[in-house]
Amino acid sequence: MRAFILGLSLCALPGIALAEAPRVVTDIPAVHSLVSQVMGEIAAPEVLLDRGADAHNYQLRPSQARALQEADLVVWIGPEMTPWLARAIEGMASGAELELLDAPQTFRREFEETGHDHDHPAPEADAEDHDHEGIDPHAWLDPSNARAWLDLIAGHLGELDPENAATYTANALAAQARIDRMEADISAQLQDVAGRPFVAAHDAYGYFSGHFGLNNAGSVAMGDAAEPGAAHLAELRAHIAEDGILCVFPEAQHDPRLIERLIEGTPARLGAALDPSGSSLGYGPDLYDALMRGLAGDIAGCLIAQ
């Protein structure tokens, strides 16, 4: 009891303050999940992207703008993924920033070429079809990046909060071991469908497909926020019909009717709606594992069906 009273007295003394955990803000739910695992029981980070919202096009609420101003650390993918956050970060008061896509430890890939290997001549291209170039920002879909980012997150948190640095490091190691198990399970799950071609709603799955050996043979929309043009859709429909595309996957928070019309009369099946950012899942430390396993299950479920 005396120790408890002494603790209360120390808190009340001027000039003596108990250390507070860093206030951390993240951009998308996949990043929030990784940071949550590293912070563990010490504190909960905040995520800006609302449940079900579009990661590429989002408007901050005033309360979120205030949280950003008050943050000790912002962990985000980068302006290639969330351009709406770039200007807000420039106006931050004094907090630190960890831009994951820009980190030297991050494996980065370029967006794929938009053409398909057809024997028939392609229709005249829409302007939209050649506007998707540069670094693909969906880098969390490669588990090797997630593992590297956990170390980066733990390092930044340890600098801000040295008293808990060892805990951050231990939590990162535990999260990396969890990713190892998930990666092994997914590799085994996708082994039998690795060469089977599919098309996705937009070009977001290059990291996932490349890492696990999948045959992502095209995208309905070439840009993250672009509407596909008529010429691209005509070319893609020919590609689906002639080149043995087994499945076409819509995307969460997007109307699947365009894809339903696209595959009508072709042998391709309509796959489940994929969710590359995890915005339809329950937010928290378990989301990254659920996101990756969900993608694998949805893709395998369609490709393996006969």
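Preceding this section is the structure that the text describes.
Keep in mind it's a predicted model, so treat the numbers as computed, not measured.

Rules used throughout
- Counting from 1, residues in each chain are numbered in the order their sequence is written.
- In view of the model being predicted, local features appear only for residues whose pLDDT reaches at least 70, and side-chain atom pairs are presented and counted only at 80 or more, with totals across whole chains, interfaces and linings using the full set of residues.
- Where side-chain values are given, they derive from all heavy atoms of the structure, hydrogens and water being excluded.
- The helix and strand labels rest on DSSP assignments: H or I over at least four residues marks a helix, E over at least two residues marks a strand, and numbering proceeds from the N terminus.
- Any N or O atom pair separated by 3.5 Å or less is treated as a polar contact, with the protein-specific requirement of one donor-capable and one acceptor-capable atom, and with residues adjacent in sequence counted only for side-chain atom pairs.
- Paired strands are those between which DSSP finds at least two bridges.
- Contacts are assigned to residue pairs that have any heavy atoms within 4.5 Å of one another.
- A fitted line through C-alpha atoms serves as each axis, taken over the contacting stretch for helices, and the angle formed by two N-to-C directions is quoted from 0 to 180°.
- Working definition: a ring pair exists when centres of Phe, Tyr or Trp rings (six-membered ring for Trp) sit within 6.5 Å. Plane angles under 30 degrees give stacked, over 60 give edge-to-face, the rest tilted.
- The rule is simple: take the accessible area with a 1.4 Å probe, protein chains only, and divide by the maximum for that residue type; under 20% is buried, over 50% is exposed, in between is partly exposed.
- Put simply, a charge is over a ring when the Lys NZ or the Arg CZ is close to the ring centre, within 6 Å, and near the line of the ring normal, within 35 degrees.

J.: Before we go on, may I ask you to explain the side chain of Thr266 in this structure?
T.: Mapped onto the secondary structure, Thr266 falls in the loop between helix H9 (257-263) and strand E8 (269-270). A polar contact of 2.7 Å, which involves the side chain of Thr266, links it to the backbone oxygen of Ile263.

J.: Would you explain the sheet that holds strand E2 (residues 46-47) in this entry?
T.: Strand pairing in a sheet relies on backbone hydrogen bonds. The paired strands run either parallel or antiparallel. Strand order in the open sheet formed by four strands is E2-E1-E3-E4, and the pairing between neighbours is parallel. The sheet is open, and its two borders are formed by E2 and strand E4 (96-99), each paired with just one other strand.

J.: Looking at this structure, how should I read the sheet that holds strand E6 (residues 215-221)?
T.: Spatial ordering of the open sheet is given by E6-E5-E7-E8, a layout of four strands whose pairing is parallel. Only two strands of the sheet have a single partner each, and these edge strands are E6 and E8. The sheet contacts of helix H8 (residues 230-242) involve strand E5 (197-202), E6 and strand E7 (247-249), and relative to E6 the element is tilted by about 150°. The strands touched by helix H10 (residues 287-303) within the sheet are E5, E7 and E8, with E7 carrying the most contacts at an inclination of about 150°.

J.: Teacher, can you tell me more about the packing of aromatic side chains here?
T.: To describe a pair of aromatic rings, you give the distance between the ring centres and the angle between the ring planes. Going through the model one piece at a time under the given rule, you end up with four aromatic pairs. Ring plane angle 65° and centroid distance 5.1 Å describe the contact between Tyr58 and Trp84, whose orientation is recorded as edge-to-face. Here Tyr58 is found in the loop between E2 and helix H3 (62-70), whereas its partner Trp84 is found in helix H4 (residues 83-90), with 26 residues between them in sequence. Neither residue differs from the other here; Tyr58 and Trp84 are each classed as buried. For the ring pair Phe208 and Phe212, a centre distance of 4.9 Å and an interplane angle of 55° mean the geometry is tilted. Placement of both Phe208 and Phe212 in helix H7 (residues 206-212) is noted, with a separation of four residues, approximately one turn of the helix. Judged by relative accessible area, which is 0%, Phe208 ranks as buried. A cation over an aromatic ring shows up here: Arg109 above the ring of Tyr207, its NZ or CZ 5.7 Å from the ring centre.

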